[in-house]
Amino acid sequence: MAMNTSSGSGGGGRGRRRGSRRAPMADINVTPFVDVMLVLLIIFMVTAPLLVTGVPVELPESRANALDQQDEPIEIAIDRDGVTFIDGTEVAPADLPARLDEIAAAETADKPRQIMLRGDTAISYGQMMRVMGELNRAGLNSVSLVTTGSSNDT
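The structure reproduced in this document is the subject of the present report. Along each chain, residue indices are assigned from 1 in the same order as the chain's sequence is written. At least 70 in pLDDT is required for a residue's local features to be given in this predicted model, at least 80 for side-chain atom pairs to be given and counted, and no such filter applies to totals for whole chains, interfaces and linings, which use all residues. As a rule here, side-chain values cover all heavy atoms of the structure and leave hydrogens and water aside.

### What to know about the packing of helix α3 (residues 96-106) against helix α4 (residues 125-138)
Here an axis means a line fitted to C-alpha atoms, over the contact stretch when the element is a helix, while the angle between two N-to-C directions is reported on a 0 to 180 degree scale. Secondary structure follows DSSP: runs of H or I at least 4 residues long count as helices, runs of E at least 2 residues long count as strands, and numbering of each begins at the N terminus. As a packed pair, α3 and α4 sit with axes 9 Å apart at the nearest point and diverge in direction by 40 degrees. Considered as vectors, α3 and α4 are oriented oblique to each other. Relative to α4, the crossing made by α3 is right-handed. Along its contact with α3, which presents Leu96, Pro97, Leu100, Asp101 and Ala104, the element α4 presents Arg130, Val131, Glu134, Leu135, Arg137 and Ala138. Any residue outside Ala, Val, Leu, Ile, Met, Phe, Trp, Tyr, Cys, Pro, Asp, Glu, Lys and Arg is labelled polar, Gly included; the first ten of those are nonpolar and the last four are charged. Tallied by class, the residues present in the contact of α3 with α4 amount to seven nonpolar, no polar and four charged. Roughly parallel refers to an angle under 35 degrees, roughly antiparallel to one over 145, roughly perpendicular to one between 65 and 115, and oblique to any angle outside these ranges. Definitions for this section: a left-handed crossing has its near helix turned counterclockwise from the far helix by less than a right angle. A right-handed crossing has that turn clockwise. Any two residues whose heavy atoms approach within 4.5 Å at even a single point are treated as in contact.

This is how it looks when you write it as structure tokens:
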């Protein structure tokens, strides 16, 4: 009778066969993935410094003519005292929005005017942001901040 307590004499054998089957593997083998990621990391670590720094090249002289540019960029400068200049002409802070609106009205949508913004190192961050805010308000969004090369290259 003790043998009949299971689902039959063949049931014990069937249960044993199920237990001997391989269960599906639930873990992912990440070793190949890690190997690929380490190789990519090394490639990026080696190439990133090459993309940032340039190679110093002494260029030869040429008698070729300079390329024609459609419009000269507009230069806006802020001197040590915080005075703003547009193309070398002093502009009062109250007149700056009107002058920038004139420049924005003269540009076309397909060829926006390039603005070169220079700021003295002695001016405050707020003075530079005031001019940049007025440029943005006028719709002049093609702005380049002009700097000089570092004097302590090591």
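Having seen the model, we can carry on.
### Some details on the sheet that holds strand β1 (residues 74-78)
Strand order in the open sheet made by the five strands is β3-β2-β1-β4-β5, with mixed pairing throughout. Only two strands of the sheet have a single partner each, and these edge strands are β3 (89-91) and β5 (143-145). On average, each strand axis in the sheet is tilted by 30 degrees relative to the strand beside it, whichever way the strands run. A pair of strands is considered paired only if DSSP assigns at least 2 bridges between the two. Note: strand β2 (residues 84-86) against β3, three bridges, orientation antiparallel. Following the sheet pairing, Phe85 is matched in β3 by Glu90. The sheet contacts of α3 involve β1, β2 and β3, and relative to β2 the element is tilted by about 20 degrees. Sheet strands touched by α4: β1, β2, β4 (115-119) and β5. Its angle to β4, the strand with the most contacts, is close to 165 degrees.

### Some words on the pattern of salt bridges
The salt bridge definition used is simple: a Lys or Arg side-chain nitrogen within 4 Å of an Asp or Glu carboxyl oxygen. Scanning all chains against the criterion turns up three salt bridges. With its nearest N and O atoms 3.3 Å apart, the salt bridge here joins Arg137 to Asp101. Placement of the pair is Arg137 in helix α4 and Asp101 in helix α3, with a sequence separation of 36 residues. Only protein chains enter the calculation, and the probe is 1.4 Å; a residue is then buried if its accessible area is under 20% of its type maximum, exposed if over 50%, and partly exposed in between. Owing to a relative accessible area of 43%, Arg137 belongs among the partly exposed residues under this scheme. Residue Asp101 is classed as partly exposed on the basis of its relative accessible area of 35%. Through salt bridges with shared partners, a single ionic network connects Asp101, Glu134 and Arg137.

### Quick word on unusual backbone geometry
Residues other than glycine seldom take positive phi values, yet Asp87 does so here, at roughly 50 degrees. As for its placement among the helices and strands, Asp87 is situated in the loop between β2 and β3.

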